[in-house]
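Here's the letter readout for the chains.
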Amino acid sequence: MTLFRINDRRNTDINIGVAVLVMIFFNTLYSTTAIAGANFEDGYYEWSLFYQTATPSIYIEPELNYGFFYERQSGMTPSGSTGPSAAANGSNHYIFFETSAGAANSENDVAVLAASTTWENTIKNAGKMSFYYHMYGADIGTLAVEVNGSDNDNSGPYPYPWSDWQRVWEISGQQHSSYYASWSKITLNLDAIKASLGINTIYSVRFKAIAKGGYRGDIAIDEIDWETSKNSTIGY
């Protein structure tokens, strides 16, 4: 991934007036505006929760406020040697992929957190999406982001066709060294994703967590945000 950076180097030979004009131009061209976010402080913020067991591979929708394999948490997760110590950026709550016995404890168990139709207009107008993740534990599996460019199927429990989801980002294995390691942030360029997939609109986004097998595989997500931008510069 290539990031567009400005190096802040002092140079007394640069005309200050020109430098200021350049900065104003850059900030105008690449400015972003936050349009929505979900930090799970008051619940799941109109996200739909699904789970998929390795056998049979059938999606089931639990109650909206209780994810069979996703849990809303404050502080550490119940299992030892996995999960974060707290939510991202000093907040109180996050959600995590529960891999203890009785949850997604088997290899290839899957949990899905999908944005409901409440978020559709926000996602359609967004140029970027960012979120924080924490992946500490010897049994960490995979966290993936998938997008849906179709809105023509309202037959199932979730109004976007399952077959039209396309994966645009994923990461696997332990990424953090301890409970106390800082959360990682990823920013996805939705405009670039639409161009690469050959679609005009993204209607929904979902997070898919896939278990490796074992209880030390809790994957945490927090601070999901969308921004509109005149020119998104961060790739995925």
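Parameters and conventions
Residues numbered from 1 in each chain as written. Predicted model: local features only at pLDDT ≥ 70, side-chain atom pairs only at ≥ 80, totals over all residues. Heavy atoms only, no water. Helix = DSSP H or I, 4+ residues; strand = E, 2+ residues; numbered from the N terminus. Buried < 20%, exposed > 50% of the residue type's maximum accessible area, 1.4 Å probe, protein only. Contact = heavy atoms within 4.5 Å. Phe/Tyr/Trp six-rings, centres within 6.5 Å; stacked < 30°, edge-to-face > 60°. Polar contact = N/O pair within 3.5 Å; in protein donor to acceptor, adjacent residues only side chain to side chain. Core = buried A, V, L, I, M, F, W, Y, C linked by side-chain atoms within 4.5 Å. pLDDT = per-residue confidence, 0-100.

Undergrad: How do you make sense of the overall build of the chain when you look at a structure like this?
TA: Helix and strand content of the chain: three helices and twelve strands. For the chain, with 236 residues in total, the buried portion stands at 47%. Within the chain, residue pairs in contact and separated by at least 24 positions form 78% of the contacts whose partners lie at least 6 positions apart.

Undergrad: Hey, could you run me through unusual backbone geometry in this one?
TA: Negative phi characterises most residues that are not glycine, and trans characterises most peptide bonds. The phi dihedral of Ser 81 falls on the positive side, at around 60 degrees, and the residue is not glycine. Position of Ser 81 among the secondary structure elements: in the loop between β4 (70-73) and β5 (94-97). Here the phi dihedral of Asn 89 falls at roughly 55 degrees; this positive angle occurs in a residue that is not glycine. Take Asn 89: it is sitting in the loop between β4 and β5. Given the relative accessible area of 56%, Asn 89 is considered exposed.

Undergrad: Before we go on, may I ask you to explain the packing of aromatic side chains in this structure?
TA: For any pair of aromatic rings, geometry is given as the distance between the ring centres together with the angle between the planes. Applying the stated criterion across every chain yields a total of nine aromatic pairs. Both rings, one in Phe 131 and one in Trp 169, keep their centres 5.4 Å apart while their planes meet at 80 degrees; by these two values the pair is edge-to-face. With Phe 131 in strand β7 (residues 128-135) and Trp 169 in strand β9 (residues 165-172), the pair connects residues that are 38 residues apart, well separated along the chain. Each member of the pair, Phe 131 together with Trp 169, is buried. Plain terms: the ring middles of Tyr 133 and Trp 169 are 5.6 Å apart, the flat faces sit at 55 degrees to each other, and that makes the pair tilted. Placement of Tyr 133 in strand β7 and of Trp 169 in strand β9 is noted, with a sequence separation of 36 residues between them.

Undergrad: Got a minute to help me understand the environment of Asn 89 in this structure?
TA: Along the primary structure Asn 89 and Ser 182 are separated by 93 residues, whereas in three dimensions their C-alpha atoms are 8.9 Å apart. The contact partners of Asn 89, leaving out residues within four places of it in the chain, are Tyr 132 and Glu 223. A distance of 3.5 Å separates the side chain of Asn 89 from the side chain of Tyr 132, its partner in a polar contact.

Undergrad: Just to check I follow, could you spell out the nonpolar core for this structure?
TA: Generally speaking, soluble globular proteins have nonpolar side chains that are buried together. Counting residues in each nonpolar core, the largest one holds 37 residues, and the members touching the most others are Met 129 and Phe 131. Each residue touching Phe 131, except ones within four places of it in the same chain, is listed here: Leu 143, Val 145, Trp 169, Ser 184, Lys 185, Ile 186, Leu 188, Phe 207, Asp 222, Glu 223 and Ile 224. Core analysis: the next-biggest nonpolar cluster, separate from the first, contains seven residues, Ala 87, Phe 96, Trp 183 and Ala 220 among them.

Undergrad: Is there a simple way to think about the confidence of the model for the chain in this case?
TA: Detail in the predicted coordinates should be disregarded across regions flagged by low pLDDT. For the chain, mean pLDDT is 74; residues scoring 70 or higher make up 64% of the total. Here residues 1-31 is modelled with pLDDT under 50, and outside its nearest four sequence neighbours on either side it reaches 17 contacts, counting other chains as well. Taken as a whole, residues 231-236 scores under 50 in pLDDT and shows 26 contacts with residues more than four places along the chain or in a different chain.

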